[in-house]
Amino acid sequence: MAQSSIASLAFKGFFTFLLSLVVFLPSVAGAQQPSAALPLLFDSRERLAKPDLSALVRLRFLTSVDFPPFNFTDQNGKLAGFNVDLAREICNELEIAAKCEIQALPFADMTEALAASQGDAVIAGLAVSPELRSRFTFSRPYLMLPARFARNDKADIKGNSAAALAGKQVGVVKGTVHEAMLAAYFPAIKSVPFDNKEALLTALKDGKTDAAFADALQLSFWVSSQASAKCCSLFDGPYPSEQFLGEGMTIMLRRNDAILTAALDHALAALSRNGRLQEIYLRYFPNGLY
């Protein structure tokens with residue numbers, strides 16, 4: 001996969017994977033505590049000015065419904081998810097909640113809808129790419145999606161770091177940036193390529209590989225789901241990489257919306273400092289990505 005498509009997680013296949021584990025939404029909420037807190041992406045000493053939004057008529061966020069747990073429709077048919085809750089908190093922080101709307105569109109229509117002013121900001125996990133950078137502007141990142149190892153708990157791995165995997169067989173989906181990242185970061189590890197993530201996770205569960213290297217989001221939900229049969233656990237990491245995994249989760253806006261972009265950056269920084277961003281993260285990622 002190309003770098004830009006991994007930043008958006010090759011979303012179509014990823015949607016199918018997470019939807020197949022939709023049982024996680026009610027079931028893992030009470031699972032074990034997260035392994036680590038959400039890393040702060042804003043300097044605690046940084047103070048971003050809050051622009052004057054008194055002239056703003058409304059703020060329309062665009063999102064999709066096929067990317068759980070970031071954006072989806074709940075059992076009552078209402079928009080829900082990490083990005084949806086974050087958009088609402090941004091509006092509360094900017095004191096414009098009465099002016100805010102969140103609209104769901106097909107993921108493929110996001111870019112042109114924003115360009116046509118059918119919305120003001122896209123918060124849907126859209127990958128940052130050079131082509132989009134030439135047409136739009138982006139907020140500061142609010143969440144990084146790192147890579148992680150998952151290990152089979154019966155595997156003979158002595159140690160708690162990636163160094164213990166030297167010479168071990170570690171599965172990875174071939175042709176992905178995770179395969180390239182594994183080779184670049186861990187040359188001593190014997191990578192075992194698989195055609196897709198389903199084959200990779202089956203081999204890990206069956207003990208045909210000692211560990212797997214993949215997206216932390218996928219792995220964190222899988223190891224906690226019934227599909228894993230409690231075979232495995234996250235191991236070492238996380239491993240963020242802008243080179244391989246992109247810039248992280250951002251909000252896309254039109255290039256001429258400098259005031260609104262600055263306002264969103266101000267709100268994201270404030271939510272990071274006051275703990276509200278962490279609260280939303282724990283609501284949807286109770287087992288942690290980090």
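Note that the structure is predicted; figures quoted are calculated from it, not measured.

Student: Even after reading the chapter, I still don't get the pattern of salt bridges, so can you show me in this structure?
Tutor: Pairs can form between side chains of opposite charge once their charged atoms are near each other. Tallied over the full model, the rule gives 14 salt bridges. Of the charged contacts in the structure, one is a salt bridge between E95 and K50, with a shortest N-O distance of 3.0 Å. With E95 in the loop between α4 (82-93) and β5 (100-104) and K50 in the loop between α3 (24-27) and β1 (59-63), this residue pair connects regions lying 45 residues apart in the sequence. K158 serves as the salt-bridge partner of D156, at 2.6 Å between the closest nitrogen and oxygen.

Student: Help me understand the state of the cysteines, please; the structure alone is not making it clear to me.
Tutor: By definition, a disulfide links the sulfur atoms of two cysteine residues through a covalent bond. This structure, assessed with the given rule, holds two disulfides. With a sulfur-sulfur separation of 1.8 Å, C91 is cross-linked through a disulfide to C100. Between C91 and C100 the disulfide shows an S-S torsion of about -95 degrees. By sign, it is left-handed. By relative accessible area, C91 is classed as buried at 3%. We classify C100 as partly exposed; its relative accessible area is 21%. Each sulfur in the disulfide pair C231 and C232 lies 2.3 Å from the other. In this structure the cystine formed by C231 and C232 twists about its S-S bond by roughly -100 degrees; its chirality is therefore left-handed. Comparing C231 with C232, the two get one shared label, buried.

Student: Is there a simple way to explain the pairing of strand β11 (residues 211-215) in this structure?
Tutor: Side-chain direction in a regular strand flips from residue to residue, so the side chains alternate between the two faces of the sheet. Most of β11 sits inside the fold, with five of its five residues counted as buried. Pairing of strand β9 (residues 169-173) with β11, which is carried by two bridges, proceeds in the parallel orientation. Across the sheet, residue V170 finds its bridge partner in β11, namely A211.

Student: Help me out: how do you make sense of helix α7 (residues 177-185) in this one?
Tutor: Three or four residues apart is the spacing at which side chains of an α-helix point the same way, because the helix has 3.6 residues per turn. When α7 is considered as a whole, its buried residues turn out to be V177, H178, M181 and L182. Projected down its long axis, α7 shows its buried positions confined to an angular sector of 140 degrees, all on one face.

Student: How do you make sense of the sheet that holds β9 when you look at a structure like this?
Tutor: Within a beta sheet, neighbouring strands are joined by backbone hydrogen bonds and run either parallel or antiparallel to one another. Spatial strand order, β10-β9-β11-β8-β12: five strands in an open sheet with mixed pairing. With one partner strand each, in any of the chains shown, β10 (190-194) and β12 (232-239) form the two edges of the open sheet. Sheet twist, expressed as the average angle between the axes of neighbouring strands with direction ignored, equals 30 degrees. Judged from the five bridges that link them, strand β8 (residues 147-152) and β11 form a sheet pairing that is antiparallel. Each residue of the ladder has a partner; that of R151, found in β11, is A211.

Student: Explain the environment of S233 to me, please; I cannot follow it from the model alone.
Tutor: Looking at the element boundaries, S233 is found in strand β12. In the structure, S233 is positioned 80 residues away from D153 in sequence and 6.7 Å away in space, judged by C-alpha atoms. In this structure S233 touches F149, A150, R151, D153 and V223, once residues within four positions along its chain are discounted. Engagement of the side chain of S233 in a polar contact is seen with the side chain of D153, the distance being 2.7 Å.

Student: Which parts of the structure should I look at to understand empty space enclosed by the protein?
Tutor: All chains considered together, the criterion is met by two cavities of 30 Å³ or more. Size it by volume and the second largest cavity reaches roughly 30 Å³. Lining the second largest cavity are P39, L40, L41, F42, P141, Y142, S272 and L277. Counted by class, the lining of the second largest cavity contains seven nonpolar, one polar and no charged residues.

Calculation rules
- Residues numbered from 1 in each chain as written.
- Predicted model: local features only at pLDDT ≥ 70, side-chain atom pairs only at ≥ 80, totals over all residues.
- Heavy atoms only, no water.
- Salt bridge = Lys/Arg side-chain N within 4 Å of Asp/Glu carboxyl O.
- Helix = DSSP H or I, 4+ residues; strand = E, 2+ residues; numbered from the N terminus.
- Disulfide = S-S within 2.5 Å.
- Buried < 20%, exposed > 50% of the residue type's maximum accessible area, 1.4 Å probe, protein only.
- Pairing = 2+ DSSP bridges.
- Arc of directions from axis to C-beta.
- Axes fitted to C-alpha atoms, helices over the stretch in contact; angles between N-to-C directions.
- Contact = heavy atoms within 4.5 Å.
- Polar contact = N/O pair within 3.5 Å; in protein donor to acceptor, adjacent residues only side chain to side chain.
- 1 Å grid on protein atoms, 1.4 Å probe; cavity = no way out; pocket = protein on both sides within 12 Å on 5 of 7 lines; lining within 4 Å.
- Points joined across faces, edges and corners; volume = space filled by probe spheres on them.
- Nonpolar A, V, L, I, M, F, W, Y, C, P; charged D, E, K, R; others polar.

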